[in-house]
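# Survey of secondary and tertiary structure
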Amino acid sequence: MTKPLLEVEDLRVRFHLRTGTVEAVRGVSFHLGRERLGIVGESGSGKSQTGRAILGLTPPPGDVTAKRLSFDGIDLQTASKRTLRQLRGGRISMVMQDPKYSLNPVMTIGEQIIEAYQAHKKASNAEARDKALAMLEAVKMRDPQRVFSLYPHEVSGGMGQRAMIAMMLVTDPDLLIADEPTSALDVTVSMEVLRILDELVSERGMGLIFISHDLKLVSSFCDRVLVMYAGRVVEELEAKNLREAKHPYTQGLMRCLPTLKDDVRPLPTLNRDPSWAL
Ligand SMILES: Nc1ncnc2c1ncn2[C@@H]1O[C@H](COP(=O)(O)OP(=O)(O)OP(=O)(O)O)[C@@H](O)[C@H]1O
Ligand SMILES: [Mg+2]
């Protein structure tokens, strides 16, 4: 077996607040190869904080510990700031949940993609510009030339999301962490973006962590799924076996999916058992 791209063991993220300690992630472990791994779970279950901790982007006053956190044999906990800077945005990229906070408001979309590219690759301005335009085209931006010179506040939410995806993919990362990357896109554009990610995984052997609360989307798009609940992984499944889920939370989620075949009305509500959070 080849060495996994990413190894996460007993990852914990805590926020020590005035009002007490919030344990956002409580002992998450998983391995990732060059495959598509989905992370699903309800709002607040710790999906984003898991992704951010891997990249060392936990917001203060967050505190991260792990028994092991390594990418391609590099220990991310002891790596120098310089190594982390090179990895981040270069070999590991993350599409954040809200592009509004990730795009620089005083730079045009094109300038930002060029900057991301030149920070990690040696390229002339003309080469970087061509690459940035090609990426905007790749994420199905209509009229890439025009979008290139727009500022983030001049594009729609979905366009901002695609600009982020273009910026994160321009350096050809080995691992992409995509946090709800298609939540602001309509179904057709969302499918296009997923197709691009899919191509990158199968053609270039990229590893992908796809964070979403959309169980159906994740099960159709990913190879493997982690189900999170209250900061823990409660179940890990092959995506195609989602119907055989054993954990009552996953089973409950599955029952809540409307189907065309049967008229399930009213849809069942999910009764959370306090013991799931222990
Ligand atoms: N900056 C912060 N300070 C304190 N607590 C935080 C902070 N960021 C997140 N948390 C807490 O961490 C927990 C997990 O948050 P996280 O953002 O990972 O959830 P999520 O699964 O991504 O949810 P969503 O589906 O809504 O994006 C939540 O209980 C949240 O209150
Ligand atoms: Mg989130």
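Residues numbered from 1 in each chain as written. Chains lettered and ligands numbered in written order. Predicted model: local features only at pLDDT ≥ 70, side-chain atom pairs only at ≥ 80, totals over all residues. Heavy atoms only, no water.

The name given to the chain in an unreviewed UniProt entry is Peptide/nickel transport system ATP-binding protein, with the source organism recorded as Microvirga guangxiensis. In the Subcellular location (unreviewed entry) part of its UniProt record, the chain is described as follows: "Cell inner membrane". (UniProt positions renumbered as here; feature names shortened; annotations may be inferred.)

### Details of unusual backbone geometry
The omega torsion of the bond from Pro 60 to Pro 61 falls at 5°, within 30 degrees of zero and hence cis. In this structure, Pro 61 sits in the loop between helix 1 (47-54) and strand 4 (62-65). (Helix = DSSP H or I, 4+ residues; strand = E, 2+ residues; numbered from the N terminus.)

### Some words on the layout of surface pockets
Picture a little ball the size of a water molecule; that probe, rolled over the atoms, points out where space is still empty. Computed from the structure, the largest pocket encloses a volume of approximately 660 Å³. What lines the largest pocket is a set of 29 residues, and nearest its centre among them are Leu 57, Met 94, Met 96, Ser 102 and Met 168. Secondary-structure elements contributing two or more residues to the lining of the largest pocket are helix 1, helix 2 (81-87), strand 7 (92-95), helix 3 (99-102), helix 4 (109-120) and helix 7 (157-169). By residue number, the principal contributor to the lining of the largest pocket is helix 4, which donates five residues. Here the residues of the lining of the largest pocket are counted per class, giving 13 nonpolar, nine polar and seven charged. Looking at the second largest pocket, its volume works out to about 190 Å³. For the second largest pocket, the full set of lining residues is Asp 98, Pro 99, Lys 100, Leu 103, Pro 105, Pro 152, His 153, Val 155, Ser 156, Gly 157, Gly 160 and Ala 184. Counting only elements with at least two residues in the lining of the second largest pocket, the list comes to helix 3 and helix 7. (1 Å grid on protein atoms, 1.4 Å probe; cavity = no way out; pocket = protein on both sides within 12 Å on 5 of 7 lines; lining within 4 Å. Points joined across faces, edges and corners; volume = space filled by probe spheres on them. Nonpolar A, V, L, I, M, F, W, Y, C, P; charged D, E, K, R; others polar.)

### With respect to the site of ligand 1
Around ligand 1 sit 13 residues in total, of which Ser 43, Gly 44, Lys 47, Ser 48 and Gln 97 are the nearest. Measuring from an oxygen atom of ligand 1, one finds a backbone N or O atom of Gly 46 at 3.0 Å. Starting from 640 Å² of accessible surface for ligand 1 in isolation, the protein chains cover 69%. Those elements that provide at least two residues to the shell around ligand 1 are strand 1 (6-17) and helix 1. (Near = heavy atom within 4 Å. Polar contact = N/O pair within 3.5 Å; in protein donor to acceptor, adjacent residues only side chain to side chain. Areas by Shrake-Rupley, 256 points an atom, 1.4 Å probe, with all protein chains shown as cover.)

### As for the nonpolar core
In terms of nonpolar packing, the biggest core is built from 58 residues, with Ile 109, Ile 113, Leu 169, Leu 176, Leu 208 and Phe 210 touching the most fellow members. It is helix 7 that provides the largest number of residues to this core, a total of eight residues. In terms of nonpolar packing, the next biggest core, distinct from the first, is built from 32 residues, Val 8, Leu 37, Leu 55 and Met 228 among them. (Core = buried A, V, L, I, M, F, W, Y, C linked by side-chain atoms within 4.5 Å. Buried < 20%, exposed > 50% of the residue type's maximum accessible area, 1.4 Å probe, protein only.)

### So, the pairing of strand 1
As paired elements, strand 1 and strand 2 (residues 20-32) share ten bridges and run antiparallel to each other. Its bridge partner being in strand 2, Arg 14 is matched across the sheet by Glu 23. Across four bridges, strand 1 lies against strand 5 (residues 68-71) in antiparallel orientation. Paired with Glu 7 across the bridge in strand 5 is Ser 70. Summarising the sheet, strand 1 and strand 4 pair through four bridges and their orientation is antiparallel. Looking across to strand 4, one finds that Arg 14 is bridged to Asp 63. (Pairing = 2+ DSSP bridges.)

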